Each structure stands twice: as structure tokens, then as C-alpha cells.
There are 2 protein chains.
Amino acid sequence: MADAAYVAVDWGTTSFRLWLMSKSGDIMGERRSGEGMTTAMRTGFPDVLASHLSALSAPADLPVVICGMAGARQGWVEAGYVDVPADLADVLKGAVRVPGEAADIRILPGLAQRSQDTPDVMRGEETQLLGALSADYSTGEQLVCMPGTHSKWVSVSNLKVTGFSTFMTGELFDVISKHSILSHAVESAEAFTGDLPAFQSAVAESYNNPQMATNRLFTVRSGQLLHGLSATDAKAKLSGTMIGLEIAGAHSSARKDAKVILIASGALGELYKAAFAALSIDYVIIDADDAVRRGLVAAANAIWP
Amino acid sequence: MADAAYVAVDWGTTSFRLWLMSKSGDIMGERRSGEGMTTAMRTGFPDVLASHLSALSAPADLPVVICGMAGARQGWVEAGYVDVPADLADVLKGAVRVPGEAADIRILPGLAQRSQDTPDVMRGEETQLLGALSADYSTGEQLVCMPGTHSKWVSVSNLKVTGFSTFMTGELFDVISKHSILSHAVESAEAFTGDLPAFQSAVAESYNNPQMATNRLFTVRSGQLLHGLSATDAKAKLSGTMIGLEIAGAHSSARKDAKVILIASGALGELYKAAFAALSIDYVIIDADDAVRRGLVAAANAIWP
């Protein structure tokens, strides 16, 4: 077995993923935890990294390439932003070295859209984009959907990001489920999938009438009062309303001829696939975990050729 | 001075307002407190009422007419709903007497819209509507806006409610301000009025592009990161985005020839007036407190002629 050559880390707000990589790009080891920026701000970024390297019996002095919120102002070291429009390859050139560490640790910058009307930022998704698009979508127009706490929709042209929009879908779903009057309506919900008719009809209704979104949310409650809507259907309707609203917004401001690419994993990816199907939107899907790892590998190959 | 003839109570989820009335409709005394349904569910509805009557030195056996959440399933006594389309006068006929009390205490029913697609309910606003419209707007078509935690927009034709929609505007503003990532952006905000350009532009932007609402919310955060948006402007933008989205929804489903009537009081009324002005929407305003009291007086006159 080859020796480990470097470490690739996707360090989000609430998630931490690490891969131990060989020079040729093979995965030698992998770690996942909830020690995202929020945790590491308290416990220390160096200690979190060291503990995971130790758990893999990896040398502490391997080079490390990091993307995500570790590069935010409140992260480990601020890595700034590359302004759009930007070639994705330019992100690799902007890596910042963490000072005072024996190992060569680099944090990749994010992307910033500095328009007065639609300011926006991303950290981590730019690396995912690079990994997702470099192989098969290096030319042409794409509209890339990266769902999550703060879903990103990115317009890409020949590997250049021309603009992007963040939608607070996942966070709003979570906050409304927990802290609004709808919490009573959804608290006993069971797990559901995108196959549920209540989800699909809410996606379509919200996409077609986005101006009614905060009314549709109230019908989750009134539907339970008047029609005995089940908790699971209620939660699916809340989810579908938020996702349909997001897709309506993303579609309204994007080129209609762009190819829609969904970068997602797991249950959330399945929900978006069902939403696209309900709206008859053609798309291709790329696995989010694979994409960010491939992006980090591309960064490592550029930084340590 | 005339003797007190009856007691009128507007008993909301989190608010309690009581007026001591003479037979001819003069106000003999008034009480306001935060002992809404949420509090009274714990401390007991009879005790809350008795304490306020005692504070006004009013006889404990006066007749009492109540509107609002005291008539909900989890309230004092369930008063049911009158189904729309409904003449507002029919609400008065549906009052339910509270059993086991020496005094004659009546709770007015709410309104229910039982359609499968747009189920909706109100409690208290129907009484406000009756009081607001009976004198000057008993004929013609009105679109009535009652802003609040759950804003109601009601289509009325010749004092008949033909349909209505609830928007979760106030609650979502509150939940997002307190529990989402935007809480950091708005926590040091000062009080603002509808004159603030950040509020007015957010109203217009959200009204014109409702599908971008959850993206516009994120720009509250990214605007602070990239452009130094102040906390006060951030909070005004959050408020304007939610209110603009509501008005877009309400307008899209209403008759365009209906007269817009705003039933509101205080700072919230001022914000909606500014929002209507920013959108060039003609309206008349009726004070919300006066309206509900006049509705309760009409109910008392119908119940105890």
C-alpha cells in the first residue's frame, strides 16, 4: 500500500470530514464528525485536526488542504474570498497558509458576489463545484444546485462562476419546525421520502405560486385543525413548500438553456430529485461527498505539484 | 354616570383586553394585560376575568361577551366556527354560553374556510371586521388587511366574508430574528419606522420578486459581511421582505377592484401604511382597538337586546 501523501479536509459550520490521500489520489483513510467550525471555535482547530490524524495513525506533519468555514473570519485563519465572476481554478491559487504550524496547512478561499443588490458568499461549495464539474462539465452552461442549510444555486459557464444565489431553505425549515406554531403540527412526524404526494404537491404549489408561501405554511396548521392532516404529511408539506419556493427563485433568475446539475447526497438529495421530477425539470446528479474530495485533490495537486 | 351594563373582552393568544360598557355603549372602564389564552390555560380563565373585574370594582355577575382564542379547543369553552362564505351577522348568532358560571358569559365563534386546498381559520378578527365595516363599509367589495403574528387578509362583499388567507408574517419575522443565523445580524438593531429606505426597498423588492424571498433573507447576512449593512437596516430589510411577500400573496388572489382597508394600531400599523405607500396601494385605515370594541358592542346588543 502506498504511503499517505497529504490530508484533505472539508470543514463546514457543523460538520468535519477528513480524507487521508496517497500521491496518486487513492483514499488511505477517512474520518467524519460533528466537530465543525462551531465546535472547533471552542475546542481549538489544531486539536480537532490532530485528534483525527492520530485516530488514523497518520503522521502529524503531513500537508493539509482545507476548504469551508475554517477559512471564515471566525474560523481558524481567514482565507478571504475570490470575487465572481471567477474561474474555479483561481480558487486554488488563493489558498492561505496557516501560520505557526510545523505542517504545511492551506485553507482555500471562498467566493464573494459583491453586487449591491444581491451580495452573496460561499465557503466550501466552490471546492465541491470544482470537483464536480472538472471532469465531465468543463464546457457549456450549467445551473448547479447544492441543497443544504443554505442552499446554493450557481451559474457556471466553461468552469467560470458567473453568479450565484443562496436560499435559506434548510435553516428556515429547521427553525420553523422547532420554534413556530407549526412545531405542534410536525412534532410526531415520521420519516418521509420525496414519493409522498403531500411533498410533491407542496413543491408544485409553492413553485407555481411563490407569493403564497407564508400562507401555505399556515395551511399546514389549519389543514390539521380542519381536515386532520397527519403530522408526517404536515412536515412533508412544510418541506415541499420551502423547496418549491427555492426552485422557483433559482429558476427565475437563471438562464433557461443551462443544464441543471444537482450536487447532493443521501436523503436530502432524494428529496430534491423528487422535487425536480414533480416539476418536470431535467437534471443530472453528482454525489456531493465525492465532489468535494475530488475538488480538494485538485487543490492539492495544484499546491504541491 | 350610567351603570355598567356588560363586559366586552378580546381574549387573544397572548393578549387580554377588557372594556366595561354602559347600556348605551359608553366605555366605563378598561383593562389590558398579557394574560392571553397561553397564560389563562395555566391560571384559569375564570380567575383572570374575575381579577380584572375586581380591579375595576365591577360586579362579578355582569354579562360578558368574549371574542378570540378563549373560544378555541384549548381555550375556556370551544365556540366552534361559522363556515365561510358567511354574513358577519351570523357570527353573533353562534355565541356559546359558558356553563357552570353564575354570570351570563358568551364566547363568539370564529370563522373557518374548509376548502381542501386553502383551509384557514380565524378567531377574534371576525369581530374586529364586524366593528370596522358595519358603519361605513356595509356595502361594496373590500379587501381587509389585519396585520399581526398571523396576518389575515379577508375578502368581504356587502358584509359577507367570501374568503380569507392567513400569512405567518409576524411569527416568521420573530422566529427568524431570534433563532436563525440572522439573529447575529439584527441583535443590536435600534427601533425603526416605515420611513427607513431599507424597509421600503425590501418591501418593493419582495413584492415584485416573491420567489426570491428566502434568498433576500440571506442577503441580510451577506450584505452585512460584504457591505457593512447596519443592524437596524438589516432588521428593517428582514421586516420589509416578509411584509412585501405577504402583500404580494394577498394581492395575487384578491379582486383587483376591492377597496383595501387596513385594520391596525400602533407601530405595526405605521409599518403597513409605509409598505402600502411604497407599493402605491390606495387604502383606508381603521383603528384595530376601536374596531374590536365596536364589534363586541354589536354582539352584546344582539345577544341582550
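Worth saying up front: this structure is predicted, and the values here are computed from it rather than measured.

**Q** What should I look at first to understand the relation of the copies chain A and chain B in this one?
**A** Two chain copies here: they are related by a rotation about an axis and a translation along the same axis. Rotating chain A by 180 degrees and moving it 0.0 Å along the rotation axis overlays it on chain B with an RMSD of 0.0 Å. The symmetry that links the two subunits is that of a two-fold axis. The share of interface residues of chain A whose copies in chain B are also at the interface is 100%, consistent with both copies meeting through the same surface.

**Q** Just to check I follow, could you spell out the nonpolar core for this structure?
**A** A general tendency of soluble globular proteins is for nonpolar side chains to be buried together. Ranked by size, the top nonpolar core spans 39 residues in total, and within it Val-65, Leu-129 and Leu-133 of chain A carry the most contacts. Broken down by element, this core gets its largest block of residues, eight residues, from helix α11 (residues 288–303) of chain A. Beyond its immediate sequence surroundings of up to four residues, Leu-129 of chain A is in contact with Leu-88, Val-144, Met-146, Val-154, Val-156, Val-161 and Ile-263 of chain A. Counting 38 residues, the second-largest nonpolar core is a separate cluster that includes Val-161, Val-292, Ile-303 and Trp-304 of chain B.

**Q** Explanation requested: the sheet that holds strand β8 (residues 105–107) of chain B in the structure shown.
**A** Strands pair in a sheet through their backbones, by hydrogen bonds, and they do so in one of two ways: parallel or antiparallel. Residues and elements named next belong to chain B. Here we have six strands laid out as an open sheet, ordered β3-β2-β1-β4-β8-β7, and mixed in their pairing. Since the sheet does not close on itself, it has two edges, and those belong to β3 (27–33) and β7 (96–97), each with one partner. Alignment of β7 against β8, held across two bridges, turns out to be antiparallel. Pairing of Val-96 across the sheet is with Ile-107, part of β8.

**Q** I tried to follow the pattern of salt bridges on my own but got confused; where do I start?
**A** Note that side chains of opposite charge can pair when their charged atoms are close. Residues and elements named next belong to chain A. Applying the stated criterion across every chain, the model contains 28 salt bridges over all chains. For the salt bridge of Asp-90 with Lys-93, the shortest nitrogen-to-oxygen distance reads 3.2 Å. Of this pair, Asp-90 and Lys-93 both sit in helix α3 (residues 88–93), three residues apart, which is roughly one turn of that helix. According to the relative accessible area criterion, Asp-90 is partly exposed, its value standing at 29%. Across the salt bridge formed by Lys-273 and Glu-270, the nearest N and O atoms sit 3.3 Å from each other. Remark: Glu-270 and Lys-273 occur in helix α10 (residues 266–278); sequence separation between them is three residues, near one turn of the helix. The partly exposed category is assigned to Lys-273, whose relative accessible area is 25%. Several salt bridges share partner residues, and in doing so they unite Asp-10, Arg-17, Glu-30, Arg-32 and Asp-289 into one network.

**Q** Looking at this model, I keep getting lost on the state of the cysteines. Mind explaining?
**A** Note: disulfide means a covalent bond formed between the sulfur atoms of two cysteine side chains. All names here are of chain A. Applying the stated criterion across every chain, the model contains zero disulfides over all chains. Summary of cysteine pairing: Cys-67 is not part of a disulfide, and the nearest cysteine sulfur, belonging to Cys-145, is at 18 Å. Classification of Cys-67 as buried rests on a relative accessible area of 0%.

**Q** Teacher, can you tell me more about the packing of aromatic side chains here?
**A** Working definition: an aromatic ring pair is given by the centre-to-centre distance plus the angle between the planes. All told, the structure shown has 18 aromatic pairs over all chains when counted by the stated rule. Taken together, a centroid distance of 4.8 Å and an interplanar angle of 85 degrees make the contact between Trp-11 of chain B and Phe-16 of chain B edge-to-face. We note that Trp-11 of chain B, like Phe-16 of chain B, is buried. Taken together, Trp-11, Phe-16, Phe-45 and Trp-76 of chain A form an aromatic cluster joined through their ring pairs. A cation sits over an aromatic face here: Arg-123 of chain A above Tyr-81 of chain A, 4.4 Å from the ring centre.

**Q** Looking at this structure, how should I read helix α10 (residues 266–278) of chain B?
**A** Owing to its 3.6 residues per turn, the α-helix aligns residues three or four sequence positions apart on the same side. Residue and element names in this part refer to chain B. Taking 1.5 Å of rise per residue, 13 residues should cover 18 Å, and α10 covers 19 Å from first to last C-alpha, within 8% of that figure. Looking at α10, one finds that the buried residues are Gly-269, Leu-271, Tyr-272, Ala-274, Ala-275 and Phe-276. Residues of α10 that are buried sit in contact with β11 (141–146), β12 (151–157), α5 (169–179), α7 (197–208), α9 (231–252) and β14 (259–264). Positive backbone phi, approximately 55 degrees, marks Ser-280, located one or two places after α10.

**Q** So what exactly am I meant to see when it comes to the pairing of strand β13 (residues 160–167) of chain A here?
**A** Side-chain positions along a regular strand alternate between the two faces of the sheet. All names here are of chain A. Burial runs high along β13: six of the eight residues are buried. Direction of pairing for strand β6 (residues 86–87) relative to β13: antiparallel, over a ladder of two bridges. Residue Ala-86 lies in a different strand from β13, and its bridge partner there is Val-161. Across seven bridges, strand β12 (residues 151–157) lies against β13 in antiparallel orientation. Residue pairing in the sheet places Val-154 in a bridge with Phe-164 of β13. Taking the residues between adjacent antiparallel strands as the criterion, β12 and β13 are bridged by two residues, where Asn-158 takes a positive phi near 50 degrees.

**Q** Which parts of the structure should I look at to understand the interface of chain A and chain B?
**A** Size of an interface, as often reported, equals the accessible area lost when the parts are brought together. The interface is formed by 49 residues belonging to chain A together with 49 residues belonging to chain B. Carbon and sulfur atoms supply 67% of the area that chain A and chain B bury against each other, a total of about 4,000 Å² over both sides. Joining chain A to chain B, the criterion identifies zero salt bridges. Here chain A and chain B share 16 residue pairs in polar contact (both at pLDDT 80 or more) between them. Those elements that provide at least two residues to the side of chain A that touches chain B are β9 (110–113), β10 (120–122), β13, α5 (169–179), α8 (213–227) and α9 (231–252) of chain A. Considering each element in turn, the side of chain A that touches chain B owes the most residues, 12 residues, to α8 of chain A.

**Q** Got a minute to help me understand the environment of Arg-255 of chain A in this structure?
**A** All names here are of chain A. Mapping Arg-255 onto the fold places it in the loop between α9 and β14 (259–264). Given a relative accessible area of 48%, Arg-255 falls into the partly exposed group. Note: C-alpha distance between Arg-255 and Lys-273 (18 residues apart in sequence) is 20 Å.

What counts, and where the lines are drawn
Numbering of residues starts from 1 in each chain and follows the order in which that chain's sequence is written. Key to labels: chains lettered from A, ligands numbered from 1, both in the order written. Given that this is a predicted model, residues contribute local features only at a pLDDT of at least 70 and side-chain atom pairs are listed and counted only at 80 or more, while totals for whole chains, interfaces and linings are drawn from all residues. Calculated side-chain values reflect all of the structure's heavy atoms, with hydrogen atoms and water omitted. We place the copies in one frame by least squares, fitting the C-alpha atoms of every residue whose pLDDT is at least 70 in both. Two residues form a contact once any of their heavy atoms are found within 4.5 Å. Side-chain atoms within 4.5 Å link the members of a nonpolar core, which is a set of buried Ala, Val, Leu, Ile, Met, Phe, Trp, Tyr and Cys residues. Burial classification: accessible surface area is computed with a 1.4 Å probe over protein chains only, and a residue below 20% of its type maximum counts as buried, one above 50% as exposed, and the rest as partly exposed. Strands are runs of DSSP state E lasting at least 2 residues, helices are runs of H or I lasting at least 4, and numbering of each runs from the N terminus. Pairs of strands are assigned from DSSP output, requiring at least two bridges between the strands. We define a salt bridge as a side-chain nitrogen of Lys or Arg found within 4 Å of a carboxyl oxygen belonging to Asp or Glu. Working definition: a disulfide is two cysteine sulfur atoms within 2.5 Å of each other. Here is the rule: rings of Phe, Tyr and Trp (six-membered ring for Trp) pair when centre to centre is within 6.5 Å. Planes less than 30 degrees apart are stacked, more than 60 are edge-to-face, and the remainder are tilted. When the NZ atom of lysine or the CZ atom of arginine is within 6 Å of a ring's centre and also within 35 degrees of its normal, the charge is said to sit over that ring. By definition here, a helix of n residues has an expected span of 1.5 Å times n minus one. Defined here as a combined quantity, buried area equals the accessible surface (1.4 Å probe) lost by two parts on assembly, summed across both. Here a polar contact is recorded for every N or O atom pair within 3.5 Å, except that within protein the pair must consist of a potential hydrogen donor and a potential acceptor, and residues adjacent in sequence are included only if both atoms are side-chain atoms.

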